[in-house]
Amino acid sequence: MTSTAMPTAGQHGLVAHSDGAFVPVQTRSERFRSVNVEDFAPITGREHEWKLSPVAAFADLTGGELDGSRLAIETTDASGISFSYIPRDDARIGTAGTPEERASANAWSTFDEALLVSVTGEDEKIAFVTRTGLGDTPRAAHTVIEAAPNSRGFVVLAGTGAARLSENVEIIVGAGASLTVVSLQEWDDEAVHLSSQFARLGRDSFLKHIVVSLGGKVVRVNPSTHLAEQGADIEALGLYFADAGQHLEQQVYVHHDAPHTKSRVTYKGALQGAGARTVWIGDVLIGNAAVGTDSYEQNRNLVLTEGTRADSVPNLEIETGDIEGAGHASATGRFDDEQLFYLMARGIREDEARRLVVRGFLTDIVQKIGSADLEARLTAAIEAELEGR
Amino acid sequence: MSVLEIKNLHVNVETEQGTREILRGVDLVINEGEIHAIMGPNGSGKSTLAYTIAGHPKYQVVEGEILLDGENVLEMSVDERARAGVFLAMQYPVEIPGVTVTNFLRTAKTAIDGEAPAIRGWIKDVRESMSNLKMDSAFAERNVNEGFSGGEKKRNEILQLELLKPKFAVLDETDSGLDVDALKIVSEGVNRAHANTGLGVLLITHYTRILRYIKPDFVHVFVAGRIAEQGGAELADRLEEEGYDRYQVAESAAEAVPAE
């Protein structure tokens, strides 16, 4: 998708879109936002943020009443990472972002209390928060993950079992802090999970944000990162594996809003089975304050069988000429028969050869996660996905 | 005593222009420990023979047989052929992103032997073979063929040949694109495998250059999908002096025969 060609009559943006005569939002940061669900019109499925999603499958989450009580969670202990609940009027709530669509606003309007995950201290540590057994009730949740200035930590937000959940996650990264957040979706086959995740990065802070979507009927995790202060650095990684009938979506937004900020966005997905569906939209906005920005985003999809569909839409908006670099790439390819032949010509059976190639394709994401335990667990989960063919 | 027999082999390939007949009746017998050079001009069907033996799905055998110790190779899948003892060193080995050479070699060895190799001996064997082929040990942790130079890819093929210990190896233009140092290193690897395991070799090449380092017992000249002439090593010397020109007439005549 990288191109240096001159504008042509058919170039994107020079002619009106076929999806309506309305004037599109000109700049990504100027999208309508509100914490109040009533401020958003009911969803039709034609809205730009919904048009690739199966909206009928979760009308209860975008339009219905949600249960905003505490979710059932299991947590692991780690010194320097604590869990508590904070009221809706806590000053931290809303500091990392504001809903840009109705499911997010519906959850925001409904949650009773927010789960606060508080990271302090400079030692490395890891904690898991697992939401499990949420049942069939449509639910709302709000989570705030706060990393104190100069702190370090690794937080895994996991989901298993049944769920119909719309949630917002705010990630507040203090100055000089280094935080990893993994959103790990291993839901049951019928689960629906809509998650808007907002991160605000302080001066010289680093966030590694990882979305891993393996299980669930519809999983839509949309991380927005506001590089609000000088020197902020985001590494956004994603890994997804869609089976027959699964819809896995991620709309990733990075807003460079301060000098010398850096972003690297790398999402990789595999699709296998009839109706396996993935969506990746990657928006990067480099604002006029963001001189010296260094940005690169890419999405790669590996199509393993017929009957799948992968959408991949990178968007890059640049408002200042003074940047280090900005690029994007997108590629969706079929399983390579020549790779298969090469491996089989060395005696390796077809199923094992396929496993090797897919594992190889996804491995650079897995290896960047930075937790040996989690890497081993995900490798096993990917193997299981492949076995399920 | 192992033997690889190719009998009256006819092979077609589908192209955009329709079916093309590439091999038009190839007969060849390779006994254990023998080195056969297949030489011929571009487009004569040498690589087709190599890939057909290995079982590439692009090539359709319409007539003839390939037998390994009497077993019908054409009924075997690609991986079964490899496990039966047939090895193809490819002209253009593909990259396998995310799969390290170490992991790949161990997986292949396990598949060929039917059990995982004993760790200590295996690591030693890999190190030794890599060192013989003047491959830096850092190669082991690189992804298969990813970012390898042409010469590195060919060494990696011969590394597999030495470690997997097949009965028969088809070397498809392993010499192409190699400088003289790399050519010597790769040839020594083939000679080692030949000496150590009684490997039978089908050495496919356009040039006589590699035959200075790997001495063939037999030379077959391939023109227009069949063997036009065969002899001993002296035939290669003659080709070196005369080139393929004296076969070109026959080739043009053969090309004029329309495919079925």
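What you see is a predicted model, and the numbers here were worked out from it, not measured in a lab. (Residues numbered from 1 in each chain as written. Chains lettered and ligands numbered in written order. Predicted model: local features only at pLDDT ≥ 70, side-chain atom pairs only at ≥ 80, totals over all residues. Heavy atoms only, no water.)

A. Summary view of the interface of chain A and chain B. Between chain A and chain B, the residue contacts involve 18 residues of the former and 32 residues of the latter. Interface area, chain A with chain B, both sides summed: about 2,000 Å², of which 68% is carbon and sulfur. Summed over the three residues of chain A that lose the most area to chain B, namely Phe341, Tyr342 and Arg346 of chain A, the buried surface amounts to 41% of that side. Taken together, the links from chain A to chain B amount to one salt bridge. (Contact = heavy atoms within 4.5 Å. Buried area = accessible area lost by both parts, 1.4 Å probe. Salt bridge = Lys/Arg side-chain N within 4 Å of Asp/Glu carboxyl O.)

B. Looking closely at the sheet that holds strand E6 (residues 86-89) of chain B. Residues and elements named next belong to chain B. Strands sit in the order E6-E9-E10-E3-E11-E12 across an open sheet of six strands; the sheet is mixed. Two strands lie at the open edges of the sheet, namely E6 and strand E12 (226-231), each paired on one side alone. Sheet twist, expressed as the mean angle between neighbouring strand axes with direction ignored, is 20°. In the sheet, strand E9 (residues 168-172) pairs with strand E10 (residues 200-205) via five bridges, with the strands oriented parallel. The residue bridging Phe168 from the neighbouring strand is Gly200, located in E10. (Pairing = 2+ DSSP bridges. Helix = DSSP H or I, 4+ residues; strand = E, 2+ residues; numbered from the N terminus. Axes fitted to C-alpha atoms, helices over the stretch in contact; angles between N-to-C directions.)

C. Examining the nonpolar core more closely. Formed by 120 residues in total, the largest nonpolar core has its most connected members in Leu374 of chain A together with Leu49, Leu161 and Leu171 of chain B. No other element matches helix H4 (residues 350-366) of chain A, which puts eight residues into this core. Here this core spans two domains, and each of domain 1 (28-334) and domain 2 (336-389) of chain A adds at least three residues to it. Those residues in contact with Leu49 of chain B, other than ones at most four positions away along the chain, are Ile6, Leu9, Leu23, Val26, Ile38, Leu202 and Phe222 of chain B. By size, the runner-up hydrophobic cluster in this structure holds 48 residues, among which are Ala147, Val155, Val211 and Tyr267 of chain A. (Core = buried A, V, L, I, M, F, W, Y, C linked by side-chain atoms within 4.5 Å. Buried < 20%, exposed > 50% of the residue type's maximum accessible area, 1.4 Å probe, protein only. Domains from an automatic or database assignment.)

D. Looking closely at the packing of aromatic side chains. A full pass over the atoms with the stated rule returns eight aromatic pairs over all chains. Centre to centre, the rings of Tyr267 of chain A and Trp280 of chain A are 6.4 Å apart; their planes meet at 45°, and the pair counts as tilted. Here Trp280 of chain A lies in strand E15 (residues 277-286) and Tyr267 of chain A lies in strand E14 (residues 262-271), a separation of 13 residues in the sequence. Residue classification places Tyr267 of chain A among the buried residues on the basis of a relative accessible area of 0%. For Trp280 of chain A, a relative accessible area of 0% corresponds to the buried category. A network of ring pairs unites the aromatic residues Phe341 of chain A together with Tyr51 and Tyr59 of chain B as a single cluster. The lysine or arginine in question, Arg88 of chain A, covers the ring of Phe111 of chain A, its NZ or CZ lying 4.5 Å from the ring centre. The ring of Phe335 of chain A has Arg354 of chain A sitting right over it, with the charged end atom 4.5 Å from the ring centre. (Phe/Tyr/Trp six-rings, centres within 6.5 Å; stacked < 30°, edge-to-face > 60°. Lys NZ or Arg CZ within 6 Å of the ring centre and 35° of its normal.)

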